[in-house]
Amino acid sequence: MKISGKTRVCGIIGDPVEHSLSPVMHNAAFEELNLDFVYVAFRVRREELGEAIIGARSLNLHGLNVTMPHKNAAMKYLDEIDSTARSIGAVNTILNKEGRLIGYNTDGIGALKALKENGITPKGKKLLLLGAGGAGKAIAFHAAQEAEELVILNRTPQKAKKLAEALRKESNKKINGNAFSIEIMKKELRDADILVNATSVGMHPDVNQSLVSPSLLKPDLCVMDIIYNPLETKLAKDAKAVGAKVVPGIEMLAYQGAASFKIWTNHPAPVKVMKQTALNKLSESGVYY
Ligand code: ATR
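In what follows, the accompanying structure is described. What you are looking at is a predicted structure, and each value in this text was computed from that prediction instead of being measured. (Residues numbered from 1 in each chain as written. Predicted model: local features only at pLDDT ≥ 70, side-chain atom pairs only at ≥ 80, totals over all residues. Heavy atoms only, no water.)

### Describing the site of the ligand
Note the threshold: Here a residue is considered near a molecule or strand provided that any single heavy atom belonging to it is located within 4 Å of it. Pairs of N or O atoms are called polar contacts if they sit within 3.5 Å, as long as, within protein, a hydrogen donor faces a hydrogen acceptor (for residues adjacent in sequence, only side-chain-to-side-chain pairs). Here the open area of atoms and residues is found with the Shrake-Rupley method and a 1.4 Å probe, where only the protein chains shown may cover a residue. Put simply, Ala, Val, Leu, Ile, Met, Phe, Trp, Tyr, Cys and Pro go in the nonpolar bin, Asp, Glu, Lys and Arg in the charged bin, and everything else, Gly too, in the polar bin.
Around the ligand lies a shell of 14 residues, among which G134, N154, R155, T156 and K159 are the nearest. G134 places a main-chain nitrogen or oxygen 2.8 Å from an oxygen atom of the ligand. A135 places a main-chain nitrogen or oxygen 2.9 Å from an oxygen atom of the ligand. Taking 640 Å² as the accessible area of the ligand by itself, protein coverage stands at 69%. Broken down by class, the residue content of the shell around the ligand amounts to five nonpolar, seven polar and two charged.

So, in structure tokens, the structure goes:
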């Protein structure tokens, strides 16, 4: 990698951030396209977020990804927020456009792209979404525009209900929010076409956990888990075992990264390279998230 006085600097802000896969993924992509960009991880404490973003503008950083715990809080330090990110209520990408910081959210775009690239089109289908946290909200926003029916289940039911209500105002689709329970899950899964897990259940180190009883899974269901550590969650394994189609979480990671890459560079991202680099890094060892 050659770094010059003209090299554009992108990065990720979060806490913790040292295990992020984004630096290897984006640097591989910049290298692949021979772009004079570099990507680094910045650990930014919650109480220093404002200074970090103001500093990013002063240092003329070109772009940032924003991860936990700053996705909501970062919004108030930006000059502009695109309408999708505003509706979602969170940003995961910032572009420095001639000194103006613009916020975007590519999480939901990445999830929907991951489904489509794996041959799953939500149009005309019922999508059952588990989780109404940051990632859940972003996926719900895009799913509400594309699927025929969207059901959001969340451990804290009020969050799912509130999200469904907000989405109903902007869409004429059937959208509902509810609590998790075996009965509700059973009822909703019966006619669901796509199941997306956007909760953290099943993530390392709790690799033997899944919110969905294997007996409720069926071969004609498409399942996407947004968790990529482990690469194959218990939910994904259970779904595969009944013959269901499975989209692993690494796909969403790569496609949300690809969408951020496009925002910063204006080039279509080399997604294959990004995915492979992330996979290599994950299989090298350790705990990544
Ligand atoms: P992210 O930004 O990754 O989505 P988040 O906003 O903290 O992270 O959301 C985590 C999601 O996982 C939420 O939907 C959360 O449910 P609550 O809203 O009820 O907190 C869900 N979640 C986490 N642990 C869970 C558990 N043990 N059982 C069920 N849902 C869980």
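### Some points on helix α9 (residues 249-265)
For clarity, the cut-off: Here a strand is any run of E in DSSP of at least two residues, a helix any run of H or I of at least four, and the numbering for each starts at the N terminus. An expected span of 1.5 Å times one less than the residue number is assigned to each helix. When a residue's accessible area, from a 1.4 Å probe over protein chains only, is under 20% of the maximum for its type it is buried; when over 50% it is exposed; and in between it is partly exposed.
The terminal C-alpha atoms of α9, which comprises 17 residues, lie 24 Å apart, in line with the 24 Å expected from a rise of 1.5 Å per residue. Most of α9 sits out of view: 15 of its 17 residues are buried. One or two steps after α9, the chain reaches N266, where phi turns positive at roughly 70 degrees.

### Details of the environment of D107
Its location among the elements puts D107 in helix α4 (residues 107-117). Classification of D107 as buried rests on a relative accessible area of 5%. Placed 78 residues apart in sequence, D107 and M185 show a C-alpha to C-alpha distance of 25 Å.

### Some remarks on the sheet that holds strand β6 (residues 100-104)
The condition that has to hold: Pairs of strands are assigned from DSSP output, requiring at least two bridges between the strands.
Strand order in the open sheet formed by six strands is β2-β1-β3-β5-β6-β4, with mixed pairing between adjacent strands. If you trace the sheet from one side to the other, it starts and ends with β2 (37-43) and β4 (80-81), each paired once. Bridging between strand β1 (residues 8-14) and strand β3 (residues 63-66) involves four bridges; their strand directions are parallel. Within β3, the position partnered with I12 by the bridge is N65.

### Quick word on the environment of K218
The criterion, for reference: Contact criterion: two residues are considered in contact whenever any of their non-hydrogen atoms come within 4.5 Å of each other.
By secondary structure assignment, the location of K218 is in the loop between β10 (194-197) and β11 (222-225). On the accessibility criterion, K218 (16% relative accessible area) is buried. Setting aside residues no more than four positions away along its own chain, K218 makes contact with L189, R190, D191, A192, V242 and A244. A polar contact of 3.0 Å, which involves the side chain of K218, links it to the backbone oxygen of A192.

### Observations regarding the side chain of N65
Tracing the chain through its elements places N65 in strand β3. For N65, a relative accessible area of 4% corresponds to the buried category. Polar side-chain contacts of N65 include one of 3.0 Å to the backbone oxygen of N92. For N65, the side chain forms a polar contact with the side chain of S260, separated by 3.3 Å. Apart from residues no more than four positions distant in its own chain, N65 is found in contact with G11, I12, I13, S22, H26, Y39, N92, T93, S260 and W264.

### Topic: the sheet that holds strand β7 (residues 126-130)
Note the following rule: Comment: axis = line fitted to C-alpha atoms, over the contacting stretch for helices; angle = value between 0 and 180 degrees taken between N-to-C directions.
With parallel pairing, six strands are arranged side by side in an open sheet as β9-β8-β7-β10-β11-β12. Only two strands of the sheet have a single neighbouring strand rather than two, namely β9 (174-179) and β12 (245-247). Here the strands of the sheet are splayed against their neighbours by 15 degrees on average, with no regard to which way each runs. In terms of strand pairing, β7 meets β10 through four bridges, oriented parallel. Counterpart to L130 in the pairing with β10 is N197.

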